[in-house]
Amino acid sequence: MTKSNLRGRRWLSLAAVASAGVMLAGCSGAGGGAGGGGGETVTLTLATVNNPQMKDMEQLKGKFEESHPDIKVKFIQMEENDLRDAVTKDVATKGGQYDIVTVGSYEVPIWGQNEWLTNLNDYTTEDSDYDVDDILKPVRQALTVDDSLYAVPFYGESSFLMYNKQILADAGLEVPEHPTWQQVADMARQVHNDEHAGICLRGKPGWGELFAPLTTVVQTFGGNWFDEDWNATVDSPEFTEAVQFYTDLVKDAGESDPVSFGFTECLNLFSQGKAAFWYDATSAAGSLESEDLSEVAGNVGYVHAPTVETEESGWLWSWNLAIPETSKKKDAAWEFVSWATSKDYMKLVGEELGWSRVPPGSRASTYEIPEYQDAAGAFAGITKDIMLAVDPKQPGVNPQPWVGIQYVTIPEFQDLGNQVSQKIADVFAGRSSVKEALSAGQALAEKAGAAQKE
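Just so we're clear, the structure is a prediction, and the values are computed from it rather than from any experiment.

Caption draft 1: Structural context of the sheet that holds strand β7 (residues 159-164). Spatially, β8-β9-β7-β10 is the arrangement adopted by the 4 strands of the open sheet, whose pairing is mixed. Two strands lie at the open edges of the sheet, namely β8 (197-200) and β10 (300-304), each paired on one side alone. Neighbour-to-neighbour, the strand axes of the sheet open up by a mean angle of 20°, direction not taken into account. Along the sheet face, helix α11 (residues 263-271) touches β7, β8, β9 (275-281) and β10 and points at about 145° away from the line of β9.

Caption draft 2: Broad picture of the state of the cysteines. If you walk through the whole model with that rule in mind, you get 1 disulfide. Between the sulfur of Cys200 and that of Cys266 lies a disulfide, 2.2 Å long from S to S. Where Cys200 bonds to Cys266 through sulfur, the torsion about that S-S bond is close to -80°, and the disulfide is left-handed. One end of the pair, Cys200, is in strand β8; the other, Cys266, is in helix α11, with 66 residues separating them in the sequence. In terms of burial, Cys200 and Cys266 fall into one category: buried.

Caption draft 3: Fine view of helix α16 (residues 380-389). Ala380, Ile382, Thr383, Ile386 and Met387 are the residues of α16 that are buried. Buried positions along α16 lie against α6 (137-142), β6 (152-157), β7, β10 and α15 (370-375).

Caption draft 4: Quick look at helix α14 (residues 343-353). Those residues of α14 lying buried are Tyr345, Met346, Leu348, Val349, Gly350 and Leu353. Note on α14: the residue one or two positions beyond its end, Gly354, has a positive phi of about 120°.

Caption draft 5: Region of interest: the side chain of Asp280. Within the fold, Asp280 resides in strand β9. Engagement of the side chain of Asp280 in a polar contact is seen with the side chain of Trp278, the distance being 3.1 Å. Those residues in contact with Asp280, other than ones at most four positions away along the chain, are Ser158, Ser159, Phe160, Met162, Arg202, Phe263 and Trp315.

Caption draft 6: Structural context of the packing of aromatic side chains. Summed over all chains, the structure comprises 34 aromatic pairs. Ring geometry for Phe336 against Trp339: centres 5.5 Å apart, planes inclined by 40°, an arrangement best described as tilted. Taken together, the residues span about one helical turn, with Phe336 and Trp339 both in helix α13 (residues 330-340) at a distance of 3 residues. Of the two residues, Phe336 and Trp339, neither departs from the other in class, the shared state being buried. Three or more aromatic residues link up through ring pairs in this structure, and these residues are Tyr106, Trp207, Phe211, Trp225, Phe239, Trp317, Trp319, Tyr407 and Phe413. Directly above the ring of Trp207 sits Arg84, whose terminal nitrogen or CZ lies 4.1 Å from the centroid.

Caption draft 7: Looking closely at the pattern of salt bridges. For the coordinates displayed, the defined rule picks out 15 salt bridges. One salt bridge in this structure joins Arg84 and Glu107, with 3.3 Å as the shortest N-O distance. Of this pair, Arg84 sits in helix α3 (residues 80-92) while Glu107 sits in helix α4 (residues 107-113); the two residues are 23 residues apart in sequence, bridging distant segments of the chain. The pair Arg84 / Glu107 is uniform in exposure class, with both members buried.

Caption draft 8: The nonpolar core, seen in detail. Of all hydrophobic cores here, the largest spans 149 residues; its most connected members are Trp225, Phe226, Phe277, Trp278 and Phe336. The leading source of residues in this core is helix α10 (residues 237-253), at 8 residues. With near-sequence residues (within four places) excluded, Phe336 lies in contact with Leu44, Leu46, Met57, Lys61, Phe64, Val73, Phe75 and Ile100.

Caption draft 9: Spotlight on the environment of Tyr367. If you trace the backbone, Tyr367 turns up in the loop between α14 and α15. Note: C-alpha distance between Tyr367 and Lys384 (17 residues apart in sequence) is 8.7 Å. Looking at Tyr367, its side chain comes within polar contact range of the main-chain nitrogen of Gly361, at 3.1 Å.

Caption draft 10: Quick look at the side chain of Ser432. Tracing the chain through its elements places Ser432 in the loop between α17 (413-428) and α18 (434-452). At 3.4 Å, the side chain of Ser432 forms a polar contact with the side chain of Glu436. With sequence-adjacent residues up to four places away left out, Ser432 is seen in contact with Asp426, Val427 and Ala437.

Caption draft 11: Representation of the sheet that holds strand β11 (residues 317-322) in the model. An order of β2-β1-β3-β11-β6 is seen for the 5 strands of this open sheet, with the pairing classed as mixed. Each edge of the open sheet is held by one strand with a lone partner, namely β2 (71-78) and β6. Taking the axes of each pair of neighbouring strands and ignoring which way they run, one obtains an average angle of 20° across the sheet. Inspection of the sheet shows strand β1 (residues 42-49) paired to β2 by 8 bridges, in the parallel sense. Bridge pairing links Ala47 to Ile76 in β2. The strands touched by helix α2 (residues 52-67) within the sheet are β1, β2, β3 (100-104), β6 and β11, with β2 carrying the most contacts at an inclination of about 170°. Those strands touched by α3 are β1, β2, β3 and β11, and its axis lies near 130° from that of β1.

What counts as what
Residues numbered from 1 in each chain as written. Predicted model: local features only at pLDDT ≥ 70, side-chain atom pairs only at ≥ 80, totals over all residues. Heavy atoms only, no water. Pairing = 2+ DSSP bridges. Helix = DSSP H or I, 4+ residues; strand = E, 2+ residues; numbered from the N terminus. Axes fitted to C-alpha atoms, helices over the stretch in contact; angles between N-to-C directions. Contact = heavy atoms within 4.5 Å. Disulfide = S-S within 2.5 Å. Buried < 20%, exposed > 50% of the residue type's maximum accessible area, 1.4 Å probe, protein only. Polar contact = N/O pair within 3.5 Å; in protein donor to acceptor, adjacent residues only side chain to side chain. Phe/Tyr/Trp six-rings, centres within 6.5 Å; stacked < 30°, edge-to-face > 60°. Lys NZ or Arg CZ within 6 Å of the ring centre and 35° of its normal. Salt bridge = Lys/Arg side-chain N within 4 Å of Asp/Glu carboxyl O. Core = buried A, V, L, I, M, F, W, Y, C linked by side-chain atoms within 4.5 Å.

As structure tokens, then:
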């Protein structure tokens, strides 16, 4: 059996586990023909995450439908964990429920190799105006398998530390451009009070929620999920120290009820001026600097992700649009996908919704737009610098046998990360210790590591 087939079988099994109990009420199947001709209206079903950039896309889809009167786009927005469960189940079982899916850079290379996503090379070659070479090279490489592109980025991101300038100034504290985690923890504890949290850090279970920031903390503390021979290292001293640091910091200076806080909840808290620090995705900055969306616009500082033993500790991620191989409306789907990830779309967002809300980290040309440079001056430069500075081949202290920062690019990681994050949620709730949680996590990781040695 080929490695690709092995991966496919693992994903089919993992999709069934991940999707147990997930209800998909209100989602219609793909159906219909190829669309676009004979006066028929084609309806595309798009599954996407419910973050601000995707909500902006839904708000602007009317512009696309005006210029493409024979195509309608139906958005199904979900929380990040629910989206992953639903889309993984659909593509792995060839359900054909969606014509366009929002997928992360973690899934694309594995799904592309399994031929679950449409190869976009013919589309990008025929559509010269799309300018695929304008997509930032590190992001484009993450979406390519054997020289074939299987998704295109809606936006890309790394991670950095955001802070409320007024809160820190009132406390007489200055945030360095390259802070250590120990410095950040000390300042967060100093400014934490009943009016605002010292820091907001994700605590919501999920490999893409809690472990997006937490894995980068583990790596800069010197730990990782596996060593270069696929031996599990979840209960190592370095991994344990990092998780203990993270959970202690949240308990001492973080938001209340951390298990309920993911990206969206921390964005809301920080944008309301109710947190002094927030370590998370660089893509958050556009919302924070929008006066329509944020109470702290113009009052936010941005610095590199905190470190301990590494020079950088930001992640590298992109949310992308892909067309499942099962879609019967691929040509129409590409019409929308190419529109929503084009140079013109970036300008449309700026003109219609505000230049700070332009999707970042996907196209080099975005950073050449004068209006964007003016509006995003507080964060555009540092975002681009961090994205080019991080090393997805070896983000931590030691070598690793996969390419990726905040995730391990194997099918088993989705389930592994979800399960271990649930055990850390018990730590937040006081039902377990870090040592107990990671001991259980080690056993799970050993099984995942063993599968890579077959």
